[in-house]
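# Chain and residue survey
Letter by letter, the chains look like this.
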Amino acid sequence: MTLQDRRHLQIKPDAQAVADAVAGLLLAALQRGAVLGLATGRTMQPVYGALCARIASLAAPQRAALTAGWRSFNLDEYVGLGPQDPQSFTAFMHQALAVPLGLAPGQLQLPDGLAADPATEAGRYSHLVAAAGGIDLQLLGLGSNGHIGFNEPPCPSDAPCRCLPLSAATRRQNAAAFGGHADAVPGRAITLGTRDILAAHQVLLVVTGAPKAAILRRTLEEPPGPEVPASWLQNHPRLQVIVDAAAASALQLR
Ligand code: GLP
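The notes below deal with the structure included here.

Reading guide: rules and limits
- Residues numbered from 1 in each chain as written.
- Predicted model: local features only at pLDDT ≥ 70, side-chain atom pairs only at ≥ 80, totals over all residues.
- Heavy atoms only, no water.
- Near = heavy atom within 4 Å.
- Polar contact = N/O pair within 3.5 Å; in protein donor to acceptor, adjacent residues only side chain to side chain.
- Areas by Shrake-Rupley, 256 points an atom, 1.4 Å probe, with all protein chains shown as cover.
- Nonpolar A, V, L, I, M, F, W, Y, C, P; charged D, E, K, R; others polar.
- Helix = DSSP H or I, 4+ residues; strand = E, 2+ residues; numbered from the N terminus.
- Pairing = 2+ DSSP bridges.
- Contact = heavy atoms within 4.5 Å.
- Axes fitted to C-alpha atoms, helices over the stretch in contact; angles between N-to-C directions.
- Phe/Tyr/Trp six-rings, centres within 6.5 Å; stacked < 30°, edge-to-face > 60°.
- Buried < 20%, exposed > 50% of the residue type's maximum accessible area, 1.4 Å probe, protein only.
- Expected span 1.5 Å × (residues − 1).
- Lys, Arg positive; Asp, Glu negative; His and termini not counted.
- Salt bridge = Lys/Arg side-chain N within 4 Å of Asp/Glu carboxyl O.
- Parallel < 35°, antiparallel > 145°, perpendicular 65-115°, else oblique.

## Notes on the site of the ligand
- The local shell around the ligand holds 13 residues, among which R42, T43, D76, N174 and K212 are the closest.
- Within the backbone of R42, an N or O atom sits 2.8 Å from an oxygen atom of the ligand.
- One nitrogen or oxygen atom from the main chain of G149 is found 3.1 Å from a nitrogen atom belonging to the ligand.
- Burial of the ligand by the protein amounts to 97% of the accessible area it has alone, namely 390 Å².
- Per-class residue counts for the shell around the ligand are two nonpolar, eight polar and three charged.

Structure representation (structure tokens):
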């Protein structure tokens, strides 16, 4: 990131302030009919809570128009998990957005983790995103090893939507949702690729908490490269980064 790009970095006092700011941007995007690219994970829980609160406060006709026009595609899903598995990203999105907002099945799209052939499913999902005209606004969290979606390092900037093995680091990162057992985290996932993510019209990277400070610094302040897949975002012409003070604590050029 160059100094000039710092205009696109917002540092908020805490995770709730980050969530409020991100929810405002998501609401504005929805109001202009954007196709959203959505993410899961702990970072997104307060974001979706804040978004639901904002939507609930709209007048009924506006709220109805917004939910009727909702179109979103999630980044990723674990292979082997389906909507009935509480740890699936499909279940996460159902609880976080579909239930509170009353969205219809199909408005929130995710890869099918139960597909008989995950590679074929990745191709199908990629075509589905393309058929919708691509992603207008892609929301992203940051993995502790620098992954975005489930694009694990090393990863080139043009990786396609695909099925891939998850690293030991990522399975440890996500173990809390599986009773603390990294071995219980599925070994594979389907993810949109860095190519799909970088093709989005606008990208919004959201990072909170001190444990992400070092990887955020590498993401934004080291030359882009395959060892930190999120660092490819530096090349995106419309990247916005919203972080809390704890996550920003290792940045040099604040
Ligand atoms: C997960 C997801 C990512 C997410 C990241 C951070 O594995 N695949 O999309 O952004 O890791 O998760 P968290 O917000 O829980 O730290």
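## Notes on unusual backbone geometry
- Of note, the amide linkage connecting P153 to P154 takes the cis form, showing an omega dihedral of -5 degrees.
- In this fold, P154 is placed in the loop between β6 (137–140) and β7 (162–165).

## Some points on the sheet that holds strand β5 (residues 108–109)
- Read from one edge of the open sheet, seven strands run β1-β10-β9-β6-β2-β3-β5, paired in parallel fashion. Two strands bound the open sheet, and with one partner strand each, they are β1 (9–12) and β5.
- In terms of strand pairing, strand β2 (residues 36–38) meets β6 through two bridges, oriented parallel. Paired with L36 across the bridge in β6 is L137.
- In this fold helix α5 (residues 118–131) packs onto β3 (72–74) and β5, with an angle of close to 150 degrees to the strand it touches most, β3.

## Some thoughts on the packing of aromatic side chains
- This model, assessed by the stated rule, comprises six aromatic pairs.
- Summarising the aromatic geometry, the rings of Y78 and F89 are spaced 4.7 Å apart at their centres and angled 40 degrees between planes, so their arrangement reads as tilted. Taken together, the residues span a long stretch of sequence, with Y78 in strand β4 (residues 76–78) and F89 in helix α4 (residues 89–101) at a distance of 11 residues. Each of the two residues, Y78 as well as F89, counts as buried.
- Between Y78 and F150 the ring centres are 5.5 Å apart and the planes differ by 45 degrees, which places this aromatic pair in the tilted class. Placement of Y78 in strand β4 and of F150 in the loop between β6 and β7 is noted, with a sequence separation of 72 residues between them.

## Some remarks on the environment of T170
- Of note, T170 is situated in helix α6 (residues 168–173).
- Taking the C-alpha atoms as reference points, T170 and I215, separated by 45 residues in sequence, lie 14 Å from one another.
- With sequence-adjacent residues up to four places away left out, T170 is seen in contact with N145, H147, F150 and E152.

## Re α5
- The first and last C-alpha atoms of α5 sit 20 Å apart over 14 residues, in line with the 20 Å expected at 1.5 Å per residue.
- Contacts made by the buried residues of α5 are with β3, β5, β7 and β8 (188–191).
- A distance of 3.1 Å separates the backbone nitrogen of A119 from a side-chain oxygen at the start of α5, and that oxygen is part of D117.
- Residue G133 follows α5 closely and has a positive phi angle near 95 degrees.

## As for the pairing of β8
- Bridge analysis of β4 against β8 gives three bridges, and the strand direction is antiparallel. From the neighbouring strand, D76 faces β8, where its bridge partner is T191.
- The pairing of β7 with β8 spans four bridges and is antiparallel. Across the sheet, the residue bridging to R162 is T191, located in β8.

## Structural notes on the side chain of E77
- Assignment of secondary structure puts E77 in strand β4.
- Here E77 occupies a buried position and makes no salt bridge, while the nearest side chain of opposite charge, R124, is found at 11 Å.
- Among the polar contacts listed, one links the side chain of E77 to the backbone nitrogen of F89, at a separation of 3.0 Å.
- Discounting residues that sit within four places of it in the chain, E77 has contacts with S88, F89, T90, L110, P111, G113, A189 and I190.

## As for the packing of helix α2 (residues 44–56) against α4
- The contact between α2 and α4 brings their axes to 10 Å, and the two run at 5 degrees. Accordingly, the angle class assigned to the pair α2 and α4 is roughly parallel. Between α2 and α4, the residues in contact are Q45, Y48, L51, C52 and I55 and F92, M93, A96, L97, P100 and L101, respectively.
- Tallied by class, residues from the contact of α2 with α4 come to 10 nonpolar, one polar and no charged.

Read these as layout, nothing more, since geometry by itself doesn't imply function.
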